[in-house]
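Structure assessment
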Amino acid sequence: MTLHEAFHTLGPNDGTADDVRRETAAAVVFVELARQVRRLASFEGDHQDDAVQSVLFNLVVGGNRSESARECDTDGRVIGYLYNALRYALIDQARRGKRLRPLDPQVHERPRSAGVDSPEGEAVAAQTLAIRERFFAEVVPRCAEATYTRERPRADFIEAVAQMRRLATEAITVEQLRAEIASDTGRPIEENTLHKRHSRARRDLENHVRRLRRDGLVALDVAAEYEACVSFLQRRASSAREAARAARRREP
Amino acid sequence: MTNITAHEALDRLGFEGLTVASAAEFQWSATDQSHALGAGDLTALAFSALAAGGFVGVPFADVRDAALGRLGAAVSSSATRVVRVEAPPDVPLHVQLPDGLPDDDVAYVPEEDPGTAYLDLSRVSAVVVRAGADTVLLRASPGGLVVNGLERSTSVLAPLQATPDLAAWTGACRDPWVVEQVDPLVSSGDAWSRVVAAGMLARLQMPASGAQAREWLAGFREGRVDESVAGPRKWARALGAADRAAIEAQALAESAALRLDIEDAADDVHADAEGWPDLVREVAHRRDDLEGVLVLLDAAGVDGPLRTALARLDREGQLLRLSLPADIDRDDERLRRAGLKDPDAWWSLAA
């Protein structure tokens, strides 16, 4: 039984002849989980074993029927999925055991993985920053090319991402951005119009990252970091927008 | 006649759960001649060329019908088959296109006016457009534009011929959290709630510790049957065709309604607004309800349009997740479990 056959065969026993096959499948997946968890070296041994048991249980009890699990049609994709599930389970354990701090929402550009208080965590953080740089330097232009056939919308998309990044890093406020656009174009721009423009750009980025992941063009953890970059843009832009609103509400 | 029925179109767009409430048909505009673009035939110009020019000078004829609700619409000629739709002021416009073509090739939204969209119905079989409470399906026909007003389904799942034996399954369940969640639904007379409860039992159970997981898996390897997780699956497998179809139809209706609610939540990300975080949590729980039902339908061998509908819904959900402010309260046991069952589940709301 191959790994991906085993992965899709998993399920709880129901007293039928299929139970033997399911048990065999669980044994195959267990071996791979035990191998994968060793890649997550920054987590301690006991926690690693707990995570393996927990992930296998969750896969047996319904987890392997999700859409993302069903999409795993090769051993390689199953391995990626298992790694991701183990990483998630270990982070969950750490959070529950208070060994991870929640991210500080005030810290800009801080990578998603940087909550781990360890040298390994710092190394991961550096890697994450490199991925973020790659995201803006390479992924965004490629997304523009893949999404838009016309030059004008392509340029608008790139500009929208640049605007969101400036909002996200608080280099500019929404009101300042609107004033800047009005000055450049000679036309005022409503906040709602700006928000919709940014929403469309984020949707394009999200779709592009999903395609990269689906087609196996990037590793799962890199895709997750790219998604975190999109999230970073959205959250900060939204926060700035909220701040602008809150300020207006405070006006007499 | 269009080449595709309303039902087929909604299926393709992942909106099969919406109900067709009204219909109207309009003729394409009679003129191809644009004074602004010169006396040439507009058919010579591709959609992309017209979009590059912002559709300036392209003749459109306004159309009106109750089926459109508050949406404004105008049609071009039968040669170009472009429809312009407009949302009322301050109401976000949503356009859902079929997969397969870059949006840019078949839809144009002016940068300066995101409440307006130009849609190339010569290249896409159907489009769903929504602004606020008004949702319409647009299709092209040789004679013109077919508009169907769409509504959320109000149907309620009728009592099933085979009711799930929730009491027996919760009796065998060793996960107190799941029992606590399911108990109120056991006494519910609502057939859908009972199906959702069966799905929660089938999918959401978790060991309290690594030791408990080890013990459960050891029993599993020895061939032990845990009725609390096997029972719902066996019940689903034994369902008759009518019950299966009824559950799937209800799940599709819920999926379509949920997708609209997710769009609404994502339209106005506003974490400090009263009720917004609760709205996000509610849609996340409803999505998880559907995942449990999906596990049951999967066990029953049903592999129909629900997965397509959920795949489309999840794209909207993923955008909603990405828009959550970093400091929003994510402490929710159900959603934590959803993430552990599927690390890619947007509705786990994981940071």
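Section: the pairing of strand β10 (residues 144-152) of chain B
All names here are of chain B.
- The buried fraction of β10 amounts to seven of the nine residues, a majority that puts the element mostly inside the structure.
- Two strands pair when backbone bridges link them, and strand β1 (residues 18-27) and β10 are joined in this way by nine bridges, in the antiparallel orientation. Paired with Q27 across the two strands is G144, which belongs to β10.
- Pairing analysis gives six bridges linking strand β9 (residues 134-140) to β10, with the strands arranged antiparallel. In the sheet register, A140 faces β10, and the bridge partner there is L145.

Details of the packing of helix α10 (residues 276-299) of chain B against helix α12 (residues 333-341) of chain B
Residues and elements named next belong to chain B.
- Axis separation between α10 and α12 bottoms out at 10 Å; the angle between their running directions is 50 degrees. As summarised for this structure, α10 and α12 are arranged oblique, according to the angle between their axes. By crossing handedness, the relation of α10 to α12 is classed as left-handed. Between α10 and α12, the contacting residues are R281, A284, H285, D288 and D289 on the first element and R334, L335 and A338 on the second.
- Here the residues of the contact of α10 with α12 sort into three nonpolar, one polar and four charged.

Some details on the interface of chain A and chain B
- Facing the 63 residues of chain A at the interface are 67 residues of chain B.
- Summed over both partners, the interface of chain A with chain B buries about 6,100 Å², with 49% contributed by carbon and sulfur atoms.
- In this structure, the connection of chain A to chain B is made through eleven salt bridges.
- The salt bridge partner of B:D303 is A:R70, with a shortest N-O separation of 3.6 Å.
- On inspection of chain A and its partner chain B, the count reaches 17 residue pairs in polar contact (both at pLDDT 80 or more).
- Going through the elements one at a time, α2 (18-37), α3 (45-60), α4 (67-70), α5 (75-96), α7 (151-168), α9 (191-214) and α10 (220-250) of chain A are the ones with two or more residues in the side of chain A that touches chain B.
- In terms of residue count, the dominant contributor to the side of chain A that touches chain B is α9(A) (eleven residues).
- In terms of residue class, the side of chain A that touches chain B is built from 14 nonpolar, 19 polar and 30 charged.

Brief notes about the sheet that holds strand β7 (residues 116-120) of chain B
- If you walk across this open sheet you meet the five strands as β2-β3-β4-β7-β6 (chain B), and the pairing is antiparallel. Two strands bound the open sheet, and with one partner strand each, they are β2 (61-63) and β6 (107-108) of chain B.

Structural notes on the sheet that holds β1(B)
Residues and elements named next belong to chain B.
- On the basis of which strands lie adjacent, the open sheet formed by five strands has the order β1-β10-β9-β8-β5 and antiparallel pairing. Single-partner strands in this sheet number two, and they are β1 and β5 (93-96). Mean inter-strand twist for the sheet, computed between neighbouring axes without regard to direction, equals 25 degrees.
- In this fold helix α9 (residues 241-267) packs onto β1, β5, β8 (126-131), β9 and β10, with an angle of close to 135 degrees to the strand it touches most, β5.

Concerning the packing of helix α6 (residues 191-203) of chain B against helix α8 (residues 227-238) of chain B
Residues and elements named next belong to chain B.
- Following both chains from N to C, one finds α6 and α8 inclined at 135 degrees, their axes separated by 8 Å at the closest point. With respect to α8, the axis of α6 lies oblique. Between α6 and α8 lies a crossing of left-handed hand. Of α8, the residues touching α6 (which contributes V195, A198, L201 and A202) are S228, V229, P232, R233 and W235.
- In the contact of α6 with α8, the residues fall into seven nonpolar, one polar and one charged.

Topic: the environment of A:D184
Residue and element names in this part refer to chain A.
- Along the chain, the position of D184 falls in helix α8 (residues 174-185).
- A relative accessible area of 62% places D184 in the exposed class.
- The spatial distance from the C-alpha of D184 to the C-alpha of F157 is 17 Å, given a sequence separation of 27 residues.

Description of empty space enclosed by the protein
- Enumeration over the complete set of coordinates arrives at six cavities of 30 Å³ or more.
- Each pocket or cavity is described by its volume, and for the largest cavity that value is around 120 Å³.
- In terms of lining, the largest cavity is formed by A:F57, B:R174, B:D175, B:Q205, B:M206, B:P207, B:Q212, B:W216, B:D226 and B:V229.
- The residue inventory of the lining of the largest cavity, partitioned by class, reads five nonpolar, two polar and three charged.

Observations concerning the confidence of the model for chain A
Residues and elements named next belong to chain A.
- Model confidence for chain A is summarised by a mean pLDDT of 80, while 79% of its residues fall at 70 or above.
- Within chain A, no element has a lower average pLDDT than α10, which sits at 67, and none a higher one than helix α1 (residues 3-9), at 95.
- Contacts of residues 100-116 to residues separated by more than four positions or lying in other chains number 42 contacts, the stretch itself having pLDDT below 50.

Let's talk about the side chain of A:D204
- Mapped onto the fold, A:D204 is located in helix α9.
- Buried charged residue A:D204 carries no salt bridge. Nearest counter-charge: A:R200, at 6.2 Å.

Brief notes about the nonpolar core
- Counting residues in hydrophobic clusters, the biggest one holds 53 residues, and the most contacted among them are B:V195, B:W235, B:I247, B:V293 and B:L320.
- Those elements that place two or more of their residues in this core are α4 (166-172), α5 (176-186), α6, α8, α9, α10, α11 (305-322) and α12 of chain B.
- Within the second largest apolar cluster, 34 residues are counted, among which are A:L3, A:A25, A:L33 and A:Y83.

Section: the pattern of salt bridges
- Taken as a whole, this structure holds 43 salt bridges over all chains when the rule is applied.
- A salt bridge links A:D19 to A:R22; its shortest N-O distance comes to 2.7 Å. With A:D19 and A:R22 both in helix α2 and three residues apart, the pair spans about one turn of that helix.
- Judged by relative accessible area, which is 11%, A:R22 ranks as buried.
- A salt bridge links B:D288 to B:R203; the nearest nitrogen and oxygen atoms lie 2.9 Å apart. Of this pair, B:D288 sits in helix α10 while B:R203 sits in helix α6, and the two are 85 residues apart along the sequence. Both residues of the pair, B:D288 and B:R203, count as buried.
- A single salt-bridge network, built from bridges that share partners, covers A:R65, A:E67, A:R70, B:D298, B:D303 and B:R307.

Reading the values: rules and limits
- Position numbers for residues count from 1 along each chain, tracking the sequence in the order it is written.
- Key to labels: chains lettered from A, ligands numbered from 1, both in the order written.
- Selection of residues for local features in this predicted model requires a pLDDT of at least 70, selection of side-chain atom pairs for listing and counting requires 80 or more, and totals for whole chains, interfaces and linings are taken over all residues.
- To obtain the side-chain values, all non-hydrogen atoms of the structure were included, while hydrogens and water were left out.
- Summary of the burial criterion: residues with accessible area below 20% of their type's maximum are buried, those above 50% are exposed, and those between are partly exposed, where the area comes from a 1.4 Å probe applied to protein chains only.
- Here a helix means four or more residues in a row that DSSP labels H or I, a strand means two or more in a row labelled E, and each is numbered from the N terminus.
- Only when DSSP finds a minimum of two bridges between them are two strands counted as paired.
- Between N-to-C directions, angles span 0 to 180 degrees; the directions come from axes that are lines fitted to C-alpha atoms, helices contributing only their stretch in contact.
- Oblique is the label for any angle not under 35 degrees, not over 145, and not in the 65 to 115 range, which are roughly parallel, roughly antiparallel and roughly perpendicular in turn.
- Handedness of each helix crossing follows the sense of rotation of the near helix against the far helix: counterclockwise by less than a right angle gives left-handed, clockwise gives right-handed.
- Throughout, a residue-residue contact means that at least one pair of heavy atoms, one from each residue, lies within 4.5 Å.
- Three classes are used, and their members are as follows: Ala, Val, Leu, Ile, Met, Phe, Trp, Tyr, Cys and Pro are nonpolar, Asp, Glu, Lys and Arg are charged, and the others, Gly among them, are polar.
- Buried area counts how much accessible surface, traced with a 1.4 Å probe, disappears from two parts once they are put together, with both parts' losses summed.
- Salt bridge, as used here, is a side-chain nitrogen of Lys or Arg placed within 4 Å of a carboxyl oxygen of Asp or Glu.
- In protein, a polar contact means a hydrogen-donor-capable atom and an acceptor-capable atom, both N or O and within 3.5 Å, with residues adjacent in sequence counting only if both atoms are side-chain atoms; elsewhere, any N or O pair within 3.5 Å suffices.
- Lining residues are those with an atom within 4 Å of a point, where the points come from a 1 Å grid over the protein atoms alone and group into cavities, where a 1.4 Å probe fits but cannot get out, or pockets, open sets with protein on both sides within 12 Å along at least five of seven lines.
- Grid points are joined across faces, edges and corners, and a volume is the space filled by probe spheres set on the points.
- Residue-level confidence of the predictor is summarised by pLDDT, bounded by 0 at the bottom and 100 at the top.
- When charges are tallied, Lys and Arg are placed among the positive residues and Asp and Glu among the negative ones, while His and the ends of the chain are skipped.
- As used in this record, nonpolar core signifies buried Ala, Val, Leu, Ile, Met, Phe, Trp, Tyr and Cys residues forming a set joined through side-chain atoms within 4.5 Å.

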